[in-house]
Amino acid sequence: MSRQISIVGGGMVGASLALALQPHAARCGWRINLIEAQPPADGHAQPSFDARSTALSHGSRLLFEQLGIWHELAGRVEPIRQIHVSDRGLPGVTRLSAEKERVPALGYVVENAVLGQVLLAALDPAVVRWQAPARVVRAEPARSGWLMQVEEHGQVHEQATDLLVVADGGRSGLLEQLGIHRQVRPYGQTAIIANITSSQGHDGVAYERFTRRGPLALLPMSGGRSALVWTQPEAQADEVMACSDAAFLEALQDAFGFRMGALKRVGQRHAYPLSLIEAEEQVRSGLVVLGNAAHSLHPIAGQGFNLSLRDAVALADTLIGADANQSPGDLALLNRYFSNQRRDQQQTIAFSDWLTRLFSNRRPVLAAGRNLGLLGMDIVAPLKSVFARHAMGLKG
């Protein structure tokens, strides 16, 4: 008798989990369902200047090597050779380099569409049943697992599953229906996302710059582009979004400086209010919450997807290592996963939140203290290495 594993959300986290489970499905007697609300994307779509991207840590590269897809990604990512951290108007600077950390790159920037295409292409349709466009209208506990009401092709049908994985993003409607509340701690900031080009290019350097209004990051992308994440106070974000391209680039140049020369072009801008969000429950009998549905972090530290990928692989490892007669929805099994992964979550969330709050505070005493910290970190190699390992998603 086969066991059903249903993953609600076929994005990068849900597809990564399906891929991690796929090689063991036959041995473990699993049938994997990937339920996604959006129709399948056109695999032949051409990349655009405005393509959205994700920063992959070195640790995520190691996980994608383990999952067998890094060879497909390697030629389509932009390596981060150096990370330059600075505070506008103050002398403190820290520089991290892949060479000194003895890794090929500190991280990589990949277009979301590219990563999605590679993940979905690696899924075997004989093992992973792709249901899209489809959505779970309702889910309720059953004698064994969960019973879902799934809307697919305009029809609603019942679908039973031994394990229900909720990975449908930060605005998950399913969590509300299940009564799983989330703690929301607003930062009072809005992230402005866009792609930028400059006269000198990025040369493989990722910049983290802390400014009067809030932190900004410029991450190297293919084609000489850089991915911008610029946080603004909520009250001023609309004003910045309404600027002409020329005025926006002028304001960004003033905040960032000329480390990449003159900023030449900005693509389409998107704005997102920022909060630290954590689900109050991540496991129940027959249920796991993953990805942004479980925790949504400030983007400036680039840790969100990397933590979610580690969660997904840790869940897969736990399920793969279960006893042969144990259901994938067994509560003791899922609690084991959560117990093993909770420390990583707490450390990563604390690191990201601490970095954001520290460098968003303009009090003179704190500004002086963090500048001494940046200067000290640049001089003290062991301290810099600890910071680098956090940035690279490595533990231990």
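Not measured: the values here are computed from a predicted model. (Residues numbered from 1 in each chain as written. Predicted model: local features only at pLDDT ≥ 70, side-chain atom pairs only at ≥ 80, totals over all residues. Heavy atoms only, no water.)

> Tell me about the overall build of the chain, and name the residues and values.
Across its full length, the chain carries 13 helices and 21 strands. A total of 396 residues make up the chain; the buried ones form 54% of that total. Of the contacts made within the chain by residues no fewer than 6 positions apart, 74% connect residues no fewer than 24 positions apart. About 17,800 Å² of surface is accessible on the chain, with carbon and sulfur atoms providing 52% of the total. (Helix = DSSP H or I, 4+ residues; strand = E, 2+ residues; numbered from the N terminus. Buried < 20%, exposed > 50% of the residue type's maximum accessible area, 1.4 Å probe, protein only. Contact = heavy atoms within 4.5 Å. Areas by Shrake-Rupley, 256 points an atom, 1.4 Å probe, with all protein chains shown as cover.)

> Please give an account of the sheet that holds strand β10 (residues 146-152) that cites residues and values.
Spatially, the 3 strands line up as an open sheet ordered β9-β10-β11, and their pairing is antiparallel. Single-partner strands in this sheet number two, and they are β9 (134-141) and β11 (155-161). Strand-to-strand, the axes of this sheet are offset by a mean angle of 25 degrees, without reference to chain direction. Relative to β11, β10 is paired through 7 bridges, and the arrangement is antiparallel. Bridging from a neighbouring strand, W146 pairs with T161 of β11. (Pairing = 2+ DSSP bridges. Axes fitted to C-alpha atoms, helices over the stretch in contact; angles between N-to-C directions.)

> So, the pattern of salt bridges: which residues are in play, and what are the values?
Under the definition given, this model contains 10 salt bridges. As a salt-bridge pair, E281 and R284 come within 3.0 Å of each other at their nearest N and O atoms. The class for R284 is partly exposed, based on a relative accessible area of 22%. Residue R310 pairs with D344 through a salt bridge whose shortest N-O separation is 2.7 Å. Taken together, the residues span a long stretch of sequence, with R310 in helix α10 (residues 304-320) and D344 in helix α11 (residues 331-360) at a distance of 34 residues. Overall, R310 belongs to the buried group, its relative accessible area being 11%. The network of salt bridges with common partners includes R185, E278 and R342. (Salt bridge = Lys/Arg side-chain N within 4 Å of Asp/Glu carboxyl O.)

> Let's hear about the side chain of E78: which residues, and what values?
Locating E78 in the fold gives a position in strand β4 (residues 78-80). When near neighbours in sequence (up to four residues on either side) are disregarded, E78 contacts G107, Y108, V109, H202, P220, M221 and S222.

> Can you explain the sheet that holds strand β8 (residues 128-131)? Please cite residues and give values.
Strand order in this open sheet of 6 strands is β8-β2-β1-β12-β20-β19, and the pairing throughout is mixed. Looking at the sheet topology across the chains shown, the edges are occupied by β8 and β19 (283-284). Two strands pair when backbone bridges link them, and β19 and strand β20 (residues 287-289) are joined in this way by 2 bridges, in the antiparallel orientation. Within β20, the position partnered with V283 by the bridge is V288.

> I'd like to hear about the packing of helix α1 (residues 12-21) against α10, residue by residue, with values.
Contact pair α1 / α10: the axes reach a minimum separation of 9 Å and the direction vectors enclose 30 degrees. With respect to α10, the axis of α1 lies roughly parallel. The interaxial crossing formed by α1 with α10 has right-handed handedness. Two secondary-structure elements touch here, α1 through M12, V13, S16, L17, A20 and L21 and α10 through F305, S308, L309, A312, L315, A316, L319 and I320. Counted by class, the contact of α1 with α10 contains 12 nonpolar, 2 polar and no charged residues. (Parallel < 35°, antiparallel > 145°, perpendicular 65-115°, else oblique. Left-handed = near helix turned anticlockwise from the far one by under 90°. Nonpolar A, V, L, I, M, F, W, Y, C, P; charged D, E, K, R; others polar.)

> Could you give an account of the confidence of the model for the chain, naming the residues involved and the relevant values?
Atom-level detail of predicted coordinates should not be read off regions where pLDDT is low. Looking at the chain as a whole, the pLDDT averages 88, with 87% of positions reaching at least 70. This stretch, residues 365-381, has a pLDDT under 50; its non-local contacts, to residues over four places away or in other chains, come to 28 contacts. (pLDDT = per-residue confidence, 0-100.)

> Any chance you could break down the packing of α1 against helix α6 (residues 112-122) for me, citing the residues and the numbers?
Close contact between α1 and α6 brings their axes to 9 Å; oriented N to C, the two are set at 25 degrees. As summarised for this structure, α1 and α6 are arranged roughly parallel, according to the angle between their axes. With respect to the hand of their crossing, α1 and α6 are arranged in left-handed fashion. Here M12, A15, S16 and L19 of α1 come into contact with α6, specifically with N112, L115, L119, L120 and A122.

> Any chance you could break down the packing of aromatic side chains for me, citing the residues and the numbers?
Enumeration over the complete set of coordinates arrives at 3 aromatic pairs. Ring centres of W230 and F248 lie 5.5 Å apart, and the angle between their planes is 70 degrees; this geometry places the pair in the edge-to-face category. Taken together, the positions of W230 in strand β16 (residues 226-233) and F248 in helix α9 (residues 245-256) put the pair 18 residues apart, joining distant regions of the chain. This pair shows no difference in class: W230 is buried, exactly as F248 is. (Phe/Tyr/Trp six-rings, centres within 6.5 Å; stacked < 30°, edge-to-face > 60°.)

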